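# An overview of the molecular structure
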Amino acid sequence: MASKIKLRDLFSGLQLQMAAQLSTNREYILHPGSKGDSLEDTWIEWLRKYLPNRYCIDKAIIIDSTGHLSDQIDLVIYDQQYTPFVLTQNGVHYIPAEGVYAVFEVKPDLSGSVSVSGDNLNYIEYAGRKIESVRRLKRTSTSIIDRGSKYSPRPLTKIVGGILASTNSIAKQETLEKHLKSLKGLQGIDMGCAVDSGAFIVNHPEEEDMKITDFSERINEYYRNRTVTSIEFSKADVSLVSFFFQLLRYLQQSIGTVAAIDLNEYSKAINFEIDEEL
């Protein structure tokens, strides 16, 4: 008779390991900057361990072909197959916007605030602004050859945006929901996780308008019109596993593969025109 294992017990063990590591970082690293770096590194290493190898994970700044930059992003999930260059200067990674699958802000707690240019923003609003700084960048798309056949440029994919934390001391779930629902347009958060209280996903009913042929206009119109219908929360004891399963579902079944980068748009920066024929 074949042996069996209780998957829930296996997943619970994973949950406990990650929670313990994050708790240690929060309690024993006292310098705020070091604590933030440690938490980011812990999330990055965890996702590197469990996501398929096709996905790269780093903290980075996102760039586009016009030279515009995003804010510094705590955790970026990106592709290197169709976006073949990632620039690194003085330890900072610069990733082309075309390669980005998902971006996350990392905080010790979902509750908290930060001052930005005179505005006092709660952490949810702050994460939304960080996400917007990536989604607003220009992304290109070009044809590819796969198994001997040439395929036309594909539409731009959605960029998953979220927030990750060790804990959530926001007293009422309704307050967190209110913060999430207040984010509009490119700032909208799709998902998040507080290890000791639960993961969440934000549901949006809208689809892209396929009649819009300009890919940049189409994806921006989608975000402009997007609304929140509901927010679903997991149980606390399976927060990490719930977050991971949902993230992988978005990456593999909702996004698939990012569009191929048009290197000619980037080569304009060095006044060089790429020969497209061999």
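The structure under discussion appears in the preceding block.
Below, the structure is looked at part by part.

Conventions used here
- Residues numbered from 1 in each chain as written.
- Predicted model: local features only at pLDDT ≥ 70, side-chain atom pairs only at ≥ 80, totals over all residues.
- Heavy atoms only, no water.
- Helix = DSSP H or I, 4+ residues; strand = E, 2+ residues; numbered from the N terminus.
- Buried < 20%, exposed > 50% of the residue type's maximum accessible area, 1.4 Å probe, protein only.
- Polar contact = N/O pair within 3.5 Å; in protein donor to acceptor, adjacent residues only side chain to side chain.
- Contact = heavy atoms within 4.5 Å.
- 1 Å grid on protein atoms, 1.4 Å probe; cavity = no way out; pocket = protein on both sides within 12 Å on 5 of 7 lines; lining within 4 Å.
- Points joined across faces, edges and corners; volume = space filled by probe spheres on them.
- Nonpolar A, V, L, I, M, F, W, Y, C, P; charged D, E, K, R; others polar.
- Patch = residues over 30% accessible without salt bridge, like charges linked within 9 Å, V, L, I, M, F, W, Y side chains within 5 Å.
- Areas by Shrake-Rupley, 256 points an atom, 1.4 Å probe, with all protein chains shown as cover.
- Salt bridge = Lys/Arg side-chain N within 4 Å of Asp/Glu carboxyl O.
- Lys, Arg positive; Asp, Glu negative; His and termini not counted.
- Charge placed at Lys NZ, Arg CZ, Asp CG, Glu CD.
- Core = buried A, V, L, I, M, F, W, Y, C linked by side-chain atoms within 4.5 Å.
- Pairing = 2+ DSSP bridges.
- Axes fitted to C-alpha atoms, helices over the stretch in contact; angles between N-to-C directions.

### Remarks on the side chain of Thr83
Relative to the helices and strands, Thr83 resides in the loop between strand 2 (69–78) and strand 3 (87–89). With a relative accessible area of 0%, Thr83 lands in the buried category. A distance of 2.4 Å separates the side chain of Thr83 from the backbone oxygen of Asp79, its partner in a polar contact. Among all residues touching Thr83, those that are not within four sequence positions of it are Glu98, Gly99 and Ile261.

### Points about the layout of surface pockets
Each pocket or cavity is described by its volume, and for the largest pocket that value is around 450 Å³. Lining the largest pocket we find 17 residues, and of these Thr142, Ser143, Lys150, Asp275 and Glu276 sit closest to its centre. Those elements that place two or more of their residues in the lining of the largest pocket are strand 8 (144–146) and helix 7 (263–267). A breakdown of the residues in the lining of the largest pocket according to their chemical character gives 8 nonpolar, 4 polar and 5 charged. Quantified by volume, the second largest pocket comes out at close to 290 Å³. Taken together, 16 residues make up the lining of the second largest pocket; nearest its centre are Lys158, Tyr222, Arg226, Tyr250 and Ser254. Put simply, the parts of the chain that give the lining of the second largest pocket at least two residues each are strand 12 (198–203), helix 5 (215–225) and helix 6 (239–255).

### Details of a negative patch on the surface
Among the surface-exposed residues, Glu273, Asp275, Glu276 and Glu277 lie close enough to one another that they form a single negatively charged patch. Position of Asp275 among the secondary structure elements: in the segment after helix 7. For Asp275, a relative accessible area of 60% puts it in the exposed group.

### Examining empty space enclosed by the protein
Evaluated as defined, the whole model comprises 1 cavity of 30 Å³ or more. A volume near 40 Å³ is recorded for the largest cavity. For the largest cavity, the full set of lining residues is Glu98, Arg139, Thr140, Leu156, Thr157, Val258 and Ala259. In terms of residue class, the lining of the largest cavity is built from 3 nonpolar, 2 polar and 2 charged.

### Details of the nonpolar core
The biggest cluster of nonpolar side chains holds 34 residues, and the ones touching the most others in it are Trp43, Leu47, Leu75, Ile77, Phe104 and Phe243. Listing elements by their share of this core, those giving two or more residues are helix 1 (7–28), helix 2 (32–50), strand 2, strand 5 (100–109), strand 10 (160–167), strand 11 (191–194), strand 12 and helix 6. When residues of this core are assigned to their parent elements, the largest contribution, 9 residues, is made by helix 6. Other than its neighbours up to four places away in sequence, Trp43 contacts Met18, Leu22, Leu75, Val106, Leu164, Ala165, Cys193, Val195 and Leu240. Grouped together as the second largest cluster of nonpolar side chains are 29 residues, Ile62, Val76, Ile131 and Ile189 included.

### So, the sheet that holds strand 4 (residues 92–96)
Ordered in space as 3-4-1-2-5-10-11-12-13, the 9 strands form an open sheet in which the pairing is mixed. The sheet terminates laterally at strand 3 and strand 13 (230–233), the two strands that pair on one side only. Along the sheet, successive strands turn relative to each other by an average axial angle of 35 degrees, direction set aside. The sheet contact formed by strand 2 and strand 5 spans 4 bridges and is antiparallel. Residue pairing for strand 5: Leu75 is matched across the bridge by Phe104. Across the sheet, helix 4 (residues 173–181) touches strand 12 and strand 13, and the angle it forms with strand 13 is around 135 degrees. With respect to the sheet, helix 6 is in contact with strand 2, strand 5, strand 10, strand 11 and strand 12, its orientation differing from that of strand 11 by roughly 160 degrees.

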